[in-house]
Amino acid sequence: MTLPTHVYPVVWQDDHVRLIDQTRLPAEYSIVEIHRCEDMAVAIQTMIVRGAPAIGVAAGFGMYLGARESQAGDRAAFLSDLETVAETLRATRPTAVNLFWAIGRMLKTAYETTGSLTDTKQVLLETAQAIAAEDLQTCLAIGVHGLQALPASPTKLRILTHCNAGALATAGYGTALGVIRSAWGSDRLERVYADETRPRLQGAKLTAWECVQEEIPVTLITDSMAAHCMQQGMIDVVVVGADRIAANGDTANKIGTYSLALCAKAHHIPFFVAAPLSTIDWQLSNGSGIPIEQRDPIEVYQVGNTRLCPLGVEFYNPAFDVTPADLIAGIITEHGVFAPNQLQVSLSKLEAG
Ligand code: MRU
């Protein structure tokens with residue numbers, strides 16, 4: 001297998017999108033070419049592309065592909081086609097708000113662009129490319145701010161992370177893994193502890209893979225080992241990503257994040273969330289309104305072709321959980337690190353200059 005030097009999971013090339021197929025890693029590094037909006041919707045739904053910011057970037061390009069496919073001859077018909085495309089993409093996954101954010105931005109661009117439909121389609125492509133480019137810059141800034149937020153001692157930190165909030169989950173570099181990359185580059189990292197992240201194993205398959213690509217020392221643990229590792233003094237800080245943050249700082253992230261936050265609190269270990277501002281849902285006052293994706297039970301009862309349990313068992317497979325704001329030491333964004341319950345105030349101050 002040829003290994004990539006840089007990991008960019010969603011790339012526009014010539015006239016189509018190239019996605020790293022994240023369902024095949026780490027066994028196989030392969031690219032899926034996406035030419036049609038409908039195929040992008042399937043890629044998001046089946047998790048060929050996953051991770052909140054990467055889903056947003058993919059949806060931006062999906063909107064462009066849908067616009068390109070439109071045969072509409074006038075503006076009203078074109079916008080109606082685009083609303084249908086938006087509906088298709090919105091129906092793919094419910095929790096990561098970046099999906100809805102990116103679709104909203106593309107729609108707003110379409111409504112606000114004057115000129116011919118050909119011009120509008122070109123502006124939509126440029127907007128999708130801008131979403132991708134901005135996300136990469138955002139992750140780099142999160143890395144810089146995150147470094148400042150990390151505990152001053154010990155000098156070399158053992159950082160626990162959950163799921164994959166790395167380059168694969170964004171336009172590149174990553175949020176939580178961006179902070180970890182930044183710590184590694186500044187000689188502040190001893191080791192990453194990666195939770196395997198049942199049932200989809202994003203920690204084992206993707207986070208561990210990214211670390212190995214860059215020779216970042218990584219130890220894989222099963223999710224149930226995290227509390228024990230904390231109790232044994234093996235973890236200095238926890239950094240995770242987010243799929244949706246309510247206005248009060250309550251944070252939805254991969255299932256298992258909440259129990260990590262509780263354990264971290266019990267062991268006086270700082271627990272940070274790293275996410276772009278596009279992950280904040282200002283419409284939701286708290287986390288109780290965050291839609292939690294329920295996935296196919298097969299992810300719980302089967303590994304490969306092997307069924308793990310007897311027939312007659314019932315299943316529950318929520319893909320995300322919500323960590324209350326009071327368990328979070330800080331939210332690391334591209335504009336700085338904020339106390340979760342001060343998000344609105346801090347960002348308003350920032351806007352006011
Ligand atoms: O189901 P997934 O793999 O899309 O879930 C991903 C996560 O939960 C990530 O932690 C989150 O999206 C942040 S990615 C920077």
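Refer to the structure printed above.
Residues numbered from 1 in each chain as written. Predicted model: local features only at pLDDT ≥ 70, side-chain atom pairs only at ≥ 80, totals over all residues. Heavy atoms only, no water.

Caption draft 1: Layout of the site of the ligand. Of all residues adjacent to the ligand, which total 18 residues, the nearest are A52, R93, D243, N253 and K254. A distance of 2.9 Å separates an oxygen atom of the ligand from a polar atom in the side chain of R50. Side-chain polar atom of D243 to an oxygen atom of the ligand: 2.8 Å apart, as the coordinates give it. With the chains in place, 100% of the 410 Å² that the ligand exposes on its own is no longer accessible. Taken together, the elements giving at least two residues each to the shell around the ligand come down to helix 2 (52-69) and strand 9 (251-254). (Near = heavy atom within 4 Å. Polar contact = N/O pair within 3.5 Å; in protein donor to acceptor, adjacent residues only side chain to side chain. Areas by Shrake-Rupley, 256 points an atom, 1.4 Å probe, with all protein chains shown as cover. Helix = DSSP H or I, 4+ residues; strand = E, 2+ residues; numbered from the N terminus.)

Caption draft 2: Layout of the packing of helix 2 against helix 5 (residues 117-149). Running from N to C, helix 2 and helix 5 point in directions that differ by 170 degrees, and their axes come no closer than 9 Å. For the element pair helix 2 / helix 5, the angle class is roughly antiparallel. Contact with helix 2, carried on its side by P53, V57, G60, F61, Y64, A67 and R68, involves K121, L124, L125, A128, Q129, I131, A132 and D135 of helix 5 and no other residues of that element. Here the residues of the contact of helix 2 with helix 5 are counted per class, giving 10 nonpolar, two polar and three charged. (Axes fitted to C-alpha atoms, helices over the stretch in contact; angles between N-to-C directions. Parallel < 35°, antiparallel > 145°, perpendicular 65-115°, else oblique. Contact = heavy atoms within 4.5 Å. Nonpolar A, V, L, I, M, F, W, Y, C, P; charged D, E, K, R; others polar.)

Caption draft 3: Fine view of the nonpolar core. Core analysis: the largest hydrophobic core is formed by 44 residues, its most contacted members being V17, L19, I44, F61 and M63. Of all the elements in the fold, those that place two or more residues in this core are strand 1 (10-13), strand 2 (16-20), helix 1 (37-45), helix 2, helix 3 (75-90), helix 4 (97-112) and helix 5. Broken down by element, this core gets its largest block of residues, 11 residues, from helix 2. Apart from the residues lying within four places of it in its own chain, the contact partners of L19 are P9, V10, S30, I31, V32, I34, M40, A43, I48 and V49. (Core = buried A, V, L, I, M, F, W, Y, C linked by side-chain atoms within 4.5 Å. Buried < 20%, exposed > 50% of the residue type's maximum accessible area, 1.4 Å probe, protein only.)

Caption draft 4: Examining the state of the cysteines more closely. A full pass over the atoms with the stated rule returns zero disulfides. Distance from the sulfur of C139, which forms no disulfide, to the nearest cysteine sulfur (C163) is 14 Å. The exposure class assigned to C139 is buried, which follows from its relative accessible area of 0%. C163 takes part in no disulfide bond, and the closest cysteine sulfur to it belongs to C211, at a distance of 13 Å. (Disulfide = S-S within 2.5 Å.)

Caption draft 5: Looking closely at the pairing of strand 4 (residues 157-161). The element strand 4 is extensively covered by neighbouring structure, given that four of its five residues are classed as buried. As defined by bridge partners, strand 4 adjoins strand 7 (residues 237-240) across two bridges and the pair is classed as parallel. Bridge assignment links I159 to a residue of strand 7, and that residue is V237. (Pairing = 2+ DSSP bridges.)

Caption draft 6: Broad picture of the side chain of Q22. Here Q22 shows up in the loop between strand 2 and strand 3 (31-34). Here R50 takes part through its side chain, which lies 3.1 Å from a polar atom of the side chain of Q22. A polar atom in the side chain of Q22 sits 2.8 Å from the backbone oxygen of L168. Look past the residues within four positions of Q22 in its chain and what remains in contact with it is P9, M47, I48, V49, R50, L168 and L206.

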